[in-house]
Amino acid sequence: MKKKRVVVGMSGGVDSSVAAYLLKQEGYDVIGVFMKNWDDTNDDGVCTATEDYEDVKRVANQLGIPYYSVNFEKEYWDRVFTYFIDELKRGRTPNPDVLCNTEIKFKAFVDYALSLDADYIATGHYARINRENGQIALLRGKDPNKDQTYFLSQLTAEHLSKVLFPIGELTKDEVRKIAQELNLVNANKKDSTGICFIGERNFKNFLKNYLPAQPGEIRSLDGEVLGTHDGLMYYTIGQRKGLGIGGKGTGEPWYVVDKDLENNVLLVAQGKNHPALFSTGLIASNISFINGDVRPRTFACTAKFRYRQEDQKVTVHIRPNGTAFVEFEKPVKAVTPGQVAVFYDNDVCLGSAIIDEVIKMDASTATAAS
Ligand SMILES: Nc1ncnc2c1ncn2[C@@H]1O[C@H](COP(=O)(O)OP(=O)(O)OP(=O)(O)O)[C@@H](O)[C@H]1O
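Residues numbered from 1 in each chain as written. Predicted model: local features only at pLDDT ≥ 70, side-chain atom pairs only at ≥ 80, totals over all residues. Heavy atoms only, no water.

- For the protein, UniProt supplies the name tRNA-specific 2-thiouridylase MnmA 1 and the organism Geobacillus kaustophilus.
- Note on the protein: under the UniProt heading Catalytic activity, the record states "S-sulfanyl-L-cysteinyl-[protein] + uridine(34) in tRNA + AH2 + ATP = 2-thiouridine(34) in tRNA + L-cysteinyl-[protein] + A + AMP + diphosphate + H(+)".
- Recorded in UniProt for the protein, the comment headed Subcellular location runs: "Cytoplasm". (UniProt positions renumbered as here; feature names shortened; annotations may be inferred.)

Section: the nonpolar core
1) Next: With 41 residues, the main nonpolar core has V7, F84, F197, L207 and L243 as its most contacted residues.
2) Next: Elements supplying a minimum of two residues to this core: β2 (29-36), α3 (73-89), α4 (96-115), α8 (203-208), β10 (254-260) and β11 (265-270).
3) Next: With seven residues, α4 is the largest single contributor of residues to this core.
4) Next: The residue makeup of this core includes at least three contributed by each of domain 1 (5-182) and domain 2 (213-270).
5) Next: The residues touching V7, leaving out its near neighbours within four places in the chain, are I31, V33, F109, A113, L116, A118, Y120, I121 and A122.
6) Next: By size, the runner-up hydrophobic cluster in this structure holds 31 residues, among which are L22, C47, I65 and L184. (Core = buried A, V, L, I, M, F, W, Y, C linked by side-chain atoms within 4.5 Å. Buried < 20%, exposed > 50% of the residue type's maximum accessible area, 1.4 Å probe, protein only. Helix = DSSP H or I, 4+ residues; strand = E, 2+ residues; numbered from the N terminus. Domains from an automatic or database assignment. Contact = heavy atoms within 4.5 Å.)

Comments concerning the UniProt feature "binding site: ATP" in the protein
1) Next: The positions UniProt marks with the feature "binding site: ATP" are G9, M10, S11, G12, G13, V14, D15, S16, M35 and G124.
2) Next: Looking at where M10 falls in the secondary structure, it is placed in the loop between β1 (5-9) and α1 (14-25).
3) Next: Taking relative accessible area as the criterion, M10 reaches 2% and is therefore assigned buried.
4) Next: Ignoring any residue separated from it by four or fewer positions in sequence, one finds M10 in contact with S16, S17, A20, G32, V33, F34, V56, V59 and I65.
5) Next: Inspection of the secondary structure assignment puts G12 in the loop between β1 and α1.
6) Next: Residues within four places of G12 in sequence aside, it is in contact with D52, D55, V56, N186 and K189.

Observations regarding the UniProt feature "active site" in the protein
1) Next: Look at the UniProt record and you will see "active site" annotated at C100 and C196. Annotated residues spanning 97 residues; largest pairwise C-alpha distance 9.5 Å, indicating a single compact cluster.
2) Next: Relative to the assigned elements, C100 resides in helix α4.
3) Next: Looking at the element boundaries, C196 is found in the loop between α7 (172-181) and α8.
4) Next: Judged by relative accessible area, C196 falls into the partly exposed class, the value being 46%.
5) Next: Leaving out residues up to four positions away in the same chain, C196 has contacts with Y76 and D97.

What about the packing of aromatic side chains?
1) Next: Here the structure, examined in full by the defined rule, presents 21 aromatic pairs.
2) Next: Taking 4.7 Å as the distance between ring centres and 55° as the angle between the ring planes, the aromatic pair formed by W38 and F81 counts as tilted. Pair noted here: W38 is in the loop between β2 and α2 (48-63) and F81 is in helix α3, with a separation of 43 residues, a long-range link.
3) Next: Under the relative-accessibility criterion, W38 is labelled buried at 10%.
4) Next: Each residue in the set W38, Y76, W77, F81, F84, F206 and Y210 is aromatic and connected to the rest through ring pairs, giving one cluster.
5) Next: Sitting above the plane of the F289 ring, R297 keeps its charged end 5.1 Å from the centroid.
6) Next: The ring of Y255 has K333 sitting right over it, with the charged end atom 5.9 Å from the ring centre. (Phe/Tyr/Trp six-rings, centres within 6.5 Å; stacked < 30°, edge-to-face > 60°. Lys NZ or Arg CZ within 6 Å of the ring centre and 35° of its normal.)

Digging into the packing of α3 against α4
1) Next: It is the contact of α3 with α4, at a shortest axis distance of 9 Å, that shows an interaxial angle of 165°. Put simply, α3 runs roughly antiparallel to α4. When the axes of α3 and α4 are compared, the crossing they make is right-handed. Within the contact between the two elements, α3 uses E75, Y76, R79, V80, Y83 and F84 and α4 uses P96, L99, C100, E103, I104, K107 and A108.
2) Next: Residue composition of the contact of α3 with α4, by class: nine nonpolar, no polar and four charged. (Axes fitted to C-alpha atoms, helices over the stretch in contact; angles between N-to-C directions. Parallel < 35°, antiparallel > 145°, perpendicular 65-115°, else oblique. Left-handed = near helix turned anticlockwise from the far one by under 90°. Nonpolar A, V, L, I, M, F, W, Y, C, P; charged D, E, K, R; others polar.)

A closer look at the site of the ligand
1) Next: The ligand sits among 16 residues. The nearest are G9, S11, D15, S16 and M35.
2) Next: With respect to the ligand, the backbone of M10 contributes an N or O atom lying 3.3 Å from a nitrogen atom.
3) Next: Separating an oxygen atom of the ligand from a backbone N or O atom of V14 is a distance of 3.2 Å.
4) Next: For the ligand, whose accessible area on its own is 580 Å², the fraction buried by protein is 84%.
5) Next: Elements with a contribution of two residues or more to the shell around the ligand: α1 and β2. (Near = heavy atom within 4 Å. Polar contact = N/O pair within 3.5 Å; in protein donor to acceptor, adjacent residues only side chain to side chain. Areas by Shrake-Rupley, 256 points an atom, 1.4 Å probe, with all protein chains shown as cover.)

Focus: the pattern of salt bridges
1) Next: Evaluation of the coordinates by the stated rule reveals 28 salt bridges.
2) Next: Across the pair K189 and D52 runs a salt bridge, and its minimum N-O distance is 3.0 Å. With K189 in the loop between α7 and α8 and D52 in helix α2, this residue pair connects regions lying 137 residues apart in the sequence.
3) Next: Overall, K189 belongs to the partly exposed group, its relative accessible area being 22%. (Salt bridge = Lys/Arg side-chain N within 4 Å of Asp/Glu carboxyl O.)

Section: the domain arrangement of the protein
1) Next: Each assigned domain of the protein is listed with its residue range as follows: domain 1 (5-182), domain 2 (213-270) and domain 3 (275-360).
2) Next: The C-alpha-based centres of domain 1 and domain 2 are spaced at 37 Å.
3) Next: If you look at the interface, domain 1 gives five residues, while domain 2 gives five residues.
4) Next: For the pair domain 1 and domain 2, the summed buried area comes to about 350 Å², and 54% of that belongs to carbon and sulfur atoms.
5) Next: Taken as a group, L88, G91 and T93 account for 80% of the area that domain 1 buries against domain 2, more than any other trio of residues on that side.
6) Next: Where domain 1 packs against domain 2, one counts zero salt bridges.
7) Next: At the boundary of domain 1 and domain 2, one finds two residue pairs in polar contact (both at pLDDT 80 or more).
8) Next: Here the side of domain 1 that touches domain 2 is built from residues that sort into one nonpolar, two polar and two charged. (Buried area = accessible area lost by both parts, 1.4 Å probe.)

Structure representation (structure tokens):
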């Protein structure tokens, strides 16, 4: 019988290399494909994509699988990067990696894989797919420290219908151990961090190439001018570092609590539990559920408002106008417009929505938060 063909997205990292190995062990006809989404030269002038593709080639040769490279720079620019820049211009904090999954990895890449006659597409994401009773459910990866469902939460069952996550049942330590036992050239390669096209580069320096800096005032909530900022897009709610106003006030650290876009003012407050940092709910749009059901309803679940946040208990009201009102059981710190609110029922990732507005905690309830 003809073997089923799987096209694996190979980044040159350990996770996707081990994913490819496991699929080969299972008897699939495996093809590795490297996507070039960004013309990236780092601060030292090194093109990291070229280096990563070299790793893909070496690993593919070690595993004895064919490999190709595909270029999605235009798709990435048009569908992900322009959104990222537009959101920053609006004073929001976007998550381009979530959009990269819906537009590139699980759309453009899937189309390309199908043109190679793939039966399935696989990646090295730490997540699981349950296909019981004809339904497709997205589950958190087994390793709680590595779970990547946050980034996959805007996908639907349709995106996932031909997808395999071979390392979803493993921990990172187990994945690395497999890579070491196989002597894969990248067995000890560092995990990638940060937004993929920025990588380890300085965020401000990078953005300066795309958005003109518009300096303005930093003010306390009382209106006192404390300093100047370099441009609102460089800051996010809850940020402490890089404000340059440490010596002002009582000596407690200052945090970004809001942005006044109209007046180009960055609003800050002092103390890590300042009530202005907390919110009791949010309004979100772009609701997407894995099962596709976005009908108006109310339900209780847990949610994360950024990657690496503990689950928070919430009640979600999906409204007839297609937005969601999410009420928090307890005030939550530094919830930020533009970020993704991801909903969970225990281990099942239900879907997500993009945060448009946060409902700030009334100052009178400040003690509840601290
Ligand atoms: N440039 C790329 N080309 C092909 N596939 C990619 C690329 N970047 C990421 N992927 C796929 O998406 C998965 C998740 O990407 P992410 O950037 O989170 O990588 P990661 O967790 O560091 O994994 P890895 O160790 O494989 O780099 C990867 O495991 C890989 O399957």
